[in-house]
Amino acid sequence: MDVRTLTVEDPVARHARDGVARLRKQDPELHRLLAREQNRQHETLAMIASASAADASVLACEGTTTNNVTTEGYPGRRYHAGCAVVDEIERMAIERAKAAFGARYANVQPHSGSTANQLVMAALLKPGDTILGMELSAGGHLTHGSAANFSGRYFRSVSYGLGADGLIDYAEVSRLARQHRPRMIICGASAYPRRIDFARFRRIADEVGAYLLADISHIAGLVAAGLHPSPIDAAHFTTTSTYKQLYGPRGGLVLMGRDADAPAPDGRRTLSALVQHAVFPYFQGTPRLNGIAAKARALGIVATPEFRTLATRIVRTAGTLAAELASRGWPILTGGTDNHMVLADVGARGLTGAVAERALESCGIIVNRNRIPGDGKPAQVGGGVRFGTNLLALRGMDESAIVECAALVDRVWTSLVVVDDVEFVLDDAVRSEVRAAVADLCRRYPLPDAA
Ligand SMILES: *Cc1c(COP(=O)(O)O)cnc(C)c1O
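Just so you know, these numbers come straight off a predicted model, no measurement behind them. Numbers given for residues are sequential positions, taken from 1 along each chain in its written order. Local features are withheld for residues below a pLDDT of 70 in this predicted model, meaning they are given only at 70 or higher, and side-chain atom pairs are given and counted only at 80 or more; totals for whole chains, interfaces and linings count all residues. As a rule here, side-chain values come from all non-hydrogen atoms in the structure, and water together with hydrogens is ignored.

### What to know about the site of the ligand
Consideration 1: Near the ligand there are 13 residues, and of these Gly113, Ser114, Asp215, Tyr243 and Lys244 occur at the shortest range.
Consideration 2: Under this definition, polar contacts are N or O atom pairs within 3.5 Å; protein pairs additionally need one hydrogen-donor-capable and one acceptor-capable atom, and for neighbouring residues in sequence, both atoms have to be side-chain atoms. Ser190 places a polar side-chain atom, nitrogen or oxygen, 2.8 Å from an oxygen atom of the ligand.
Consideration 3: The side chain of Ser241 places a nitrogen or oxygen atom 2.8 Å from an oxygen atom of the ligand.
Consideration 4: Broken down by element, the shell around the ligand gets its largest block of residues, three residues, from helix H6 (residues 113-124).
Consideration 5: By residue class, the composition of the shell around the ligand is two nonpolar, nine polar and two charged. Put simply, a residue is near a molecule or strand once any heavy atom of it comes within 4 Å of that molecule or strand. Starting at the N terminus, helices and strands are each numbered in turn, a helix being any DSSP run of H or I of at least four residues and a strand any DSSP run of E of at least two. Under the scheme applied here, ten amino acids are nonpolar (Ala, Val, Leu, Ile, Met, Phe, Trp, Tyr, Cys and Pro), four are charged (Asp, Glu, Lys and Arg), and all others, including Gly, are polar.

### Considering the domain arrangement of the protein
Consideration 1: The domain boundaries here were taken from an automatic or database domain assignment. What the domain assignment lists for the protein is domain 1 (67-302) and domain 2 (309-444).
Consideration 2: For domain 1 versus domain 2, the separation of C-alpha centres amounts to 30 Å.
Consideration 3: Residue contacts are defined here by distance: any two heavy atoms, one from each residue, within 4.5 Å place the two residues in contact. Contact with domain 1, which involves 21 residues of that partner, is made by 22 residues of domain 2.
Consideration 4: When two components associate, each loses some accessible surface as probed by a 1.4 Å sphere; the sum of these losses over both components is called the buried area. Roughly 1,700 Å² of surface becomes buried between domain 1 and domain 2 when both sides are summed, with 58% attributable to carbon and sulfur atoms.

### As for empty space enclosed by the protein
Space left empty within the atom packing is revealed by a probe, the size of a water molecule, rolled over the atoms.
Consideration 1: Think of a 1 Å grid over just the protein atoms. A cavity is a set of points where a 1.4 Å probe fits yet cannot get out, a pocket is an open set with protein on both sides within 12 Å along at least five of seven lines, and lining residues have an atom within 4 Å of a point. Grid points are joined across faces, edges and corners, and a volume is the space filled by probe spheres set on the points. Taken as a whole and assessed by the stated rule, the structure comprises two cavities of 30 Å³ or more.
Consideration 2: Here the largest cavity defines a volume of roughly 70 Å³.
Consideration 3: Lining the largest cavity are Gly188, Ala189, Tyr192, Arg194, Ile196, Asp215, His218, Ile219, His228, Asn339 and Met341.
Consideration 4: Class assignment for the residues of the lining of the largest cavity results in five nonpolar, four polar and two charged.
Consideration 5: If you trace the second largest cavity, you find it lined by Val108, Gln109, Pro110, His111, Arg250, Gly251, Pro287, Arg288, Gly291, Ile292 and Lys295.
Consideration 6: The class makeup of the residues in the lining of the second largest cavity is four nonpolar, four polar and three charged.

### Some details on H6
Consideration 1: Look at H6: 17 Å from first C-alpha to last across 12 residues, which is about the 16 Å you get at 1.5 Å a residue.
Consideration 2: Counting buried residues along H6, 11 of its 12 residues qualify, which places the element largely inside the surrounding structure.
Consideration 3: All of the buried residues along H6 are Gly113, Thr115, Ala116, Asn117, Gln118, Leu119, Val120, Met121, Ala122, Ala123 and Leu124.
Consideration 4: For H6, the secondary structure elements touched by its buried residues are helix H7 (150-154), strand E7 (184-187), strand E8 (211-215), strand E9 (237-241), strand E10 (252-256) and helix H11 (271-283).
Consideration 5: For H6, the side-chain oxygen to backbone nitrogen distance between the N-cap and Ser114 is 3.3 Å, and the N-cap itself is Ser112. Residue count minus one, scaled by 1.5 Å, sets the expected span of a helix. Think of it in three bands: residues with accessible area under 20% of the maximum for their type are buried, residues over 50% are exposed, and the middle band is partly exposed, with areas taken using a 1.4 Å probe on protein chains only.

### Brief notes about the side chain of Lys244
Consideration 1: One can find Lys244 in the loop between E9 and E10.
Consideration 2: Under this rule, positive means Lys or Arg and negative means Asp or Glu; His and the chain ends count for nothing. Any carboxyl oxygen of Asp or Glu that lies within 4 Å of a side-chain nitrogen of Lys or Arg is treated as forming a salt bridge with it. Look at Lys244: it is buried, it has no salt bridge, and the nearest opposite charge is Asp215 at 6.7 Å.
Consideration 3: Excluding anything up to four places from it in sequence, Lys244 contacts Ser50, Ala51, Ser52, Ser217, His218 and Asn390.

### Details of the packing of aromatic side chains
Consideration 1: Planes of paired rings set the category: under 30 degrees apart is stacked, over 60 is edge-to-face and the rest tilted, where pairs are Phe, Tyr or Trp rings (Trp by its six-membered ring) whose centres lie within 6.5 Å. Tallying each qualifying case throughout the model produces 10 aromatic pairs.
Consideration 2: On the numbers, 6.1 Å between centres and 85 degrees between planes, the contact of Tyr247 with Phe307 is edge-to-face. Of the two residues, Tyr247 is situated in the loop between E9 and E10 and Phe307 in helix H13 (residues 305-327); the sequence distance between them amounts to 60 residues. Residue Tyr247 shares its accessibility class with Phe307, and that shared class is buried.
Consideration 3: Ring geometry for Phe387 against Trp413: centres 5.9 Å apart, planes inclined by 55 degrees, an arrangement best described as tilted. Here the residue Phe387 occupies a position in strand E14 (residues 384-388), and Trp413 occupies one in helix H16 (residues 399-415), the gap between them amounting to 26 residues.

### With respect to the sheet that holds strand E11 (residues 341-345)
Consideration 1: Ordered in space as E11-E14-E13, the three strands form an open sheet in which the pairing is antiparallel. Both edges of this open sheet fall to E11 and strand E13 (368-370), since each of them pairs with a single strand only. Within this sheet the neighbouring strands show an average axis-to-axis angle of 35 degrees, counted without direction.
Consideration 2: Only when DSSP finds a minimum of two bridges between them are two strands counted as paired. Bridge analysis of E11 against E14 gives five bridges, and the strand direction is antiparallel. Within E14, the residue paired with Ala344 across the bridge is Val385.
Consideration 3: Most of the contacts of helix H14 (residues 353-361) go to E13, to which it runs at about 170 degrees, and overall it touches E13 and E14. Structural elements are reduced to axes, namely lines fitted to C-alpha atoms, with helices fitted over the stretch in contact, and the angle between N-to-C directions of any two is expressed from 0 to 180 degrees.

### Section: the UniProt feature "binding site: (6S)-5,6,7,8-tetrahydrofolate" (unreviewed entry) in the protein
Consideration 1: Under the feature "binding site: (6S)-5,6,7,8-tetrahydrofolate" (unreviewed entry), the UniProt entry names Leu136, Gly140, His141 and Leu142. Of the annotated positions mentioned, Leu136, Gly140, His141 and Leu142 line the second largest pocket.
Consideration 2: Of note, His141 is situated in the loop between strand E5 (130-134) and H7.
Consideration 3: When near neighbours in sequence (up to four residues on either side) are disregarded, His141 contacts Ser114, Leu136 and Ser190.
Consideration 4: Note that Leu142 resides in the loop between E5 and H7. UniProt positions are given in the numbering used here, feature names are shortened, and annotations may be inferred rather than shown by experiment.

### Some details on the pattern of salt bridges
Consideration 1: A full pass over the atoms with the stated rule returns 23 salt bridges.
Consideration 2: Two residues, Glu324 and Arg328, come together in a salt bridge whose shortest N-O distance is 2.7 Å.
Consideration 3: Between Asp421 and Lys377 there is a salt bridge, and its shortest N-O distance comes to 2.9 Å. Taken together, the residues span a long stretch of sequence, with Asp421 in the loop between strand E15 (417-418) and strand E16 (424-425) and Lys377 in the loop between E13 and E14 at a distance of 44 residues.
Consideration 4: Judged by its relative accessible area of 29%, Asp421 is partly exposed.
Consideration 5: Taking relative accessible area as the criterion, Lys377 reaches 29% and is therefore assigned partly exposed.

### A look at the sheet that holds strand E4 (residues 105-107)
Consideration 1: Pairing is mixed in the open sheet, where seven strands are placed in the order E4-E10-E9-E8-E7-E5-E6. The sheet terminates laterally at E4 and strand E6 (156-160), the two strands that pair on one side only. Each strand axis lies, on average, 20 degrees off the axis of its neighbour in the sheet, ignoring direction.
Consideration 2: Note: E9 against E10, four bridges, orientation antiparallel. Bridged to Thr239 within E10 is Val254.
Consideration 3: Strands in contact with H6 are E7, E8, E9 and E10; relative to E9, the strand with the most contacts, it is inclined by about 155 degrees.
Consideration 4: Taken strand by strand, helix H8 (residues 170-180) contacts E5, E6 and E7, and its axis lies near 160 degrees from that of E6.

Quick look at the structure:
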């Protein structure tokens with residue numbers, strides 16, 4: 001591109017500006033909804049453990065004309081012409097992913113974390129092979145072998161739960177591995193507040209000749225910042241979503257460390273070549289190049305010292321939140337947290353997860369209900385609530401603000417009257433009081449792009 005065009009007018013900015021202007025003029029109804037959603041995010045206190053807010057520069061990449069490039073394959077080996085620039089973008093995303101995680105191999109094309117898991121499994125396993133993953137109700141993910149998911153239907157799924165202390169029982173994992181001889185062991189969780197010992201999982205996998213897949217969707221930011229042990233060299237394969245703790249676009253990554261060049265079961269290819277082939281043509285078609293540009297931008301941010309400061313704040317605020325809720329009598333699973341996640345057992349005090357979630361939502365506090373180990377309630381009800389601090393940390397909340405957040409949660413939960421599993425009554429005066437306090441907190445600690 002001619003540099004002079006850039007100095008005359010930035011085409012990326014013009015495109016974005018024209019797009020918004022046209023949207024507002026030609027489709028005011030949709031524009032209004034988009035504006036309302038943006039305001040909702042600014043004005044509510046989201047403590048969703050699986051969420052974050054992508055930087056405006058990340059979302060700007062999503063909205064670029066890279067969306068219009070249709071191709072298949074990989075940089076330098078595309079099936080369509082016109083890819084010279086997007087090849088550079090994808091190579092940049094790959095290099096940044098490798099750098100952020102100290103990986104030898106990265107594939108940035110997976111459309112989601114779920115897809116990343118599916119394609120790694122599909123690359124290595126045959127239908128009917130045995131997999132060993134964490135049980136859904138213990139904190140695992142659907143794609144780790146749940147009966148409701150493809151992974152539990154196409155493979156023979158065995159699952160491990162938690163010990164009585166709420167921690168992964170590695171001796172039990174080892175016993176199940178020896179008994180069932182899985183082809184693949186899956187570790188990583190959607191609701192687990194403690195450190196995961198990836199090296200120990202690898203020893204168990206090696207003992208029975210299994211591949212190890214580490215899914216770090218929830219803790220990828222902490223891993224990149226060095227605040228959680230990395231699975232990159234411990235596991236054969238590491239997968240992650242990019243929109244959770246990486247504050248990126250919706251999408252996934254597959255990463256590999258020292259086993260990238262290990263031979264695949266067929267003895268002809270390497271394991272990373274197998275993954276490369278599994279993403280395309282086996283599982284996906286065209287890459288989302290605008291999403292890949294957004295991943296590159298998010299991974300660029302992850303590599304900065306500021307991101308490490310944010311990650312440190314995530315862990316610190318979660319510790320404070322757990323301690324504050326516990327001090328107000330709410331049982332916290334495992335007694336605390338090592339990461340961004342806090343799991344409260346609200347059933348122990350007569351609430352259900354659904355009631356606890358909905359009552360908070362009616363006051364502008366956004367969390368999600370979660371089944372917890374030993375929970376008798378169906379998934380739609382649940383006996384627990386899962387909190388996460390990715391967004392509170394992004395808002396720059398310090399300890400005193402987290403104390404306020406915990407006090408508001410406690411105020412709502414101790415004020416409501418439970419009608420049944422999902423219905424409740426909350427005094428209007430309490431609701432107004434908490435809503436006002438939430439609005440005040442959101443004003444004092446705005447999301448970065450509101451500044
Ligand atoms: C969220 C999550 C996923 C799924 O990621 P998507 O990108 O939403 O498909 C996979 N694994 C774990 C452990 C998760 O928490």
